Amino acid sequence: MVDSYVLSESSMFVLKHRLILKTCGRTTLLDAIKPLRELADKHCGFNKVQDIFYSHKNLMRPHMQEEPHKCFAKEVEILDELFDNGEAYCLGKVNSDCWYLYTLNQFCDPILVPDQTLEVLMTKLDPEVMKMFTCEESSTAREITEKTGIGMLWPNMKIDDFLFDPCGYSMNGVFDEDKYMTIHVTPEDEFSYVSFETNASERCYKRMIGDVLQIFHPGKFILTVFANKHSVADISCTTHTEYKFSNYRKDAAQHVHFENYDLRYLSFQKAPS
Ligand SMILES: C[S@@+](CC[C@H](N)C(=O)[O-])C[C@H]1O[C@@H](n2cnc3c(N)ncnc32)[C@H](O)[C@@H]1O
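Residues numbered from 1 in each chain as written. Predicted model: local features only at pLDDT ≥ 70, side-chain atom pairs only at ≥ 80, totals over all residues. Heavy atoms only, no water.

Draft legend 1. Geometry of the environment of Ser10. As for its position among the elements, Ser10 is in strand β2 (residues 10-15). A C-alpha to C-alpha distance of 11 Å links Ser10 and Arg26, two positions 16 residues apart in sequence. Those residues in contact with Ser10 that sit more than four places away from it in its chain are Tyr5, Leu21, Lys22, Thr23 and His184. (Helix = DSSP H or I, 4+ residues; strand = E, 2+ residues; numbered from the N terminus. Contact = heavy atoms within 4.5 Å.)

Here it is, written out as structure tokens:
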């Protein structure tokens, strides 16, 4: 079972043993950790955190954030106060596009269920495509979901979508009992950004990523794939020919082996035509 919520600045998913919060703007997400732990303990008797995955792409305008979110090192200081044995990583190129991750990476009770997460973080989007995600060009979120093809990304997906005024779009989709997909679109040309995330179970995500690229036409994108050893997601296929996308060239690729997961990071940009 997965419960899904589209919130004004974020998406939230609640699964049996996991909570996913995705935020944007100047949200001070780390302030939510203590109250969330208290609520999980009070209402469900969950008093131990098995793992956390706090991640974000390098920010376009870090100086506009509230403390401690201006700088990842400061965020890590706060996380280290909240968790024992956390580990902080930066994947990608620190002088251009990179992706920060804080995780516990501790060996925990064997995780026997398949688990995988794909994220596609897109920047430098096509302004013509971004126009569709504005009230000027579209009347409802449902209209956008249908005309862009977002609604067809997974068959029989139950969708909750929202169009912001004057622009911006969020959608959560749920399918196959405990699977979700979430897309957030910031269409403003000076800082256009689209995030896509899913825990869909696929051996290779090439088709799904291709469909997402076909909708959004980003100038650049980052892919991250997490998979545990029970997952059908084959991390190794990301290194071979399968993760080639026409009109894009790969400019970074890294692999991290954690106690419970493998992680692949790839970044791409449009090839000069
Ligand atoms: C899709 S929303 C939320 C994004 C999301 N939480 C994420 O993870 O990226 C961001 C876009 O909506 C617009 N927007 C308009 N009103 C908003 C509001 N009340 N809260 C958040 N975003 C809003 C922003 O300008 C931006 O283009």
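Back to the write-up after that little detour.
Draft legend 2. Here's a closer look at unusual backbone geometry. Cis geometry is adopted by the peptide bond preceding Pro68, which originates at Glu67 and carries an omega value of 5°. Mapping Pro68 onto the fold places it in the loop between β4 (53-57) and α2 (72-82). Going from Asp165 to Pro166, the amide bond is cis rather than trans, its omega being 10°. With respect to the secondary-structure elements, Pro166 resides in the loop between β8 (158-163) and β9 (169-175).

Draft legend 3. How the structure looks around the sheet that holds strand β3 (residues 18-23). Spatially, three strands are ordered β1-β2-β3 in an open sheet, and the strand pairing comes out antiparallel. At either margin of the open sheet sits one strand with a lone partner, and together these are β1 (2-6) and β3. Each adjacent strand pair in this sheet contributes to an overall mean axis angle of 10°, direction not counted. (Pairing = 2+ DSSP bridges. Axes fitted to C-alpha atoms, helices over the stretch in contact; angles between N-to-C directions.)

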